[in-house]
Amino acid sequence: MIQTMCLPDLHTAEHLLLEAEVMNPGPWVPHSRNVALAARIIAQEHPDLDPERDYILGLLHDIGRRGRPNKDRHILDGYDILTALGFPDAAQIALTHSFPMQNPAELLAWDGSPSELERLTRLLEAVSYTAEDRLLQLCDKLALPEGCCILEKRVTAQRVKSGMITSPRKMLTSPCQTFNPCLWQVEM
Ligand SMILES: [Fe+2]
């Protein structure tokens with residue numbers, strides 16, 4: 001059953017995520033569930049957002065990770081998967097969730113081809129951001145696999161994962177690294 005022409009219903013979204021977890025299990029799945037929970041909770045307090053719709057968007061925002069372990073390429077893969085399934089609203093969130101500034105320079109680790117990056121750039125330029133795009137961008141930053149956290153912790157975790165900074169645990173054990181007390185609580 002389809003909730004609208006643009007978005008799957010909750011049962012279908014749950015099925016898509018479970019199917020994806022079988023194909024490529026990993027922490028991205030509990031992260032997606034926590035993004036969905038955060039989106040629903042925040043949307044409940046917003047006059048123009050639909051909590052159940054935003055829960056579904058959260059479940060599916062990283063669905064591009066289903067085929068294989070990938071990095072930023074999952075953004076374009078997710079867009080293509082959800083577009084092919086006939087869910088353009090969910091596809092837009094898959095495309096925009098990593099770009100608060102609507103700029104491809106925000107990519108942390110592009111693992112697609114140059115032509116795919118060009119296509120992503122064109123698609124991103126064509127989007128007019130909505131409150132849903134902004135909500136899912138925020139929730140993607142709030143949600144770790146273990147639960148939600150402050151923005152600083154999530155952003156640090158993303159940068160450690162992409163190799164931009166050293167793991168805070170390594171900082172603690174390596175005499176060559178400068179210890180930043182602001183980072184020590186980050187669980188990796
Ligand atoms: Fe995500």
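See above for the structure.
Residues numbered from 1 in each chain as written. Predicted model: local features only at pLDDT ≥ 70, side-chain atom pairs only at ≥ 80, totals over all residues.

(A) Structural detail: helix 2 (residues 28-43). Taking 1.5 Å of rise per residue, 16 residues should cover 22 Å, and helix 2 covers 22 Å from first to last C-alpha, within 8% of that figure. Those residues of helix 2 that sit buried are Trp28, His31, Ser32, Asn34, Val35, Ala36, Ala38, Ala39, Arg40 and Ala43. Elements that come into contact with the buried residues of helix 2 comprise helix 1 (10-23), helix 3 (51-60), helix 7 (131-142), strand 1 (143-144) and strand 2 (147-148). (Helix = DSSP H or I, 4+ residues; strand = E, 2+ residues; numbered from the N terminus. Expected span 1.5 Å × (residues − 1). Buried ≥ 20, exposed ≤ 12 C-beta atoms within 10 Å, placed from the backbone. Contact = placed C-beta atoms within 7 Å.)

(B) Region of the structure containing unusual backbone geometry. Residue Gln102 is not a glycine yet carries a positive backbone phi of 55°. Mapped onto the elements, Gln102 comes out in the loop between helix 5 (88-96) and helix 6 (114-125). Overall, the presence of 14 C-beta atoms within 10 Å leaves Gln102 in the partly exposed class.

(C) Structural view of the environment of Glu14. Within the secondary structure layout, Glu14 lies in helix 1. For the pair formed by Glu14 and Leu60, sequence separation is 46 residues and the distance between their alpha carbons is 8.6 Å.

(D) Quick look at the nonpolar core. Core analysis: the biggest nonpolar cluster contains 33 residues, and Ala39, Leu60, Leu82, Ala90, Ala94 and Cys139 have the highest contact counts within it. Every element with two or more residues in this core is listed here: helix 1, helix 2, helix 3, helix 4 (73-84), helix 5 and helix 7. In this structure Ala39 touches Asp54, Tyr55, Leu57, Gly58, Leu135, Leu136 and Cys139, once residues within four positions along its chain are discounted. (Core = buried A, V, L, I, M, F, W, Y, C linked by C-beta atoms within 7 Å.)

(E) Representation of the packing of helix 1 against helix 3 within the structure. Two elements in contact, helix 1 and helix 3, have axes whose closest approach is 9 Å; the angle formed by their N-to-C orientations is 15°. Classified by the interaxial angle, the pair formed by helix 1 and helix 3 is roughly parallel. Judged by the twist between their axes, the crossing of helix 1 over helix 3 is left-handed. Contacts from Leu10, Ala13, Glu14, Leu16 and Leu17 of helix 1 reach helix 3 at Glu52, Ile56, Leu59 and Leu60. Among the residues making up the contact of helix 1 with helix 3, the classes are represented as 7 nonpolar, no polar and 2 charged. (Axes fitted to C-alpha atoms, helices over the stretch in contact; angles between N-to-C directions. Parallel < 35°, antiparallel > 145°, perpendicular 65-115°, else oblique. Left-handed = near helix turned anticlockwise from the far one by under 90°. Nonpolar A, V, L, I, M, F, W, Y, C, P; charged D, E, K, R; others polar.)

(F) Expanded view of helix 1. Between the first and last C-alpha of helix 1 there are 20 Å, a value that for 14 residues agrees with the 20 Å anticipated at 1.5 Å per step. If you follow the buried residues of helix 1, they end up packed against helix 2 and helix 3.

(G) The environment of Thr121, seen in detail. Tracing the chain through its elements places Thr121 in helix 6. Once the C-alpha coordinates of Thr121 and Gln102 are considered, the two residues, 19 residues apart in sequence, prove to be 9.2 Å apart.

(H) Region of the structure containing the packing of helix 5 against helix 7. Interaxial distance between helix 5 and helix 7 falls to 10 Å at its minimum, and their mutual angle equals 50°. Judged on the interaxial angle alone, helix 7 and helix 5 are oblique. You can see that helix 5 and helix 7 cross each other, and the crossing is right-handed. Mapping the contact onto sequence places Gln92, Ile93 and Thr96 in helix 5 and Glu132, Asp133, Leu136 and Gln137 in helix 7.

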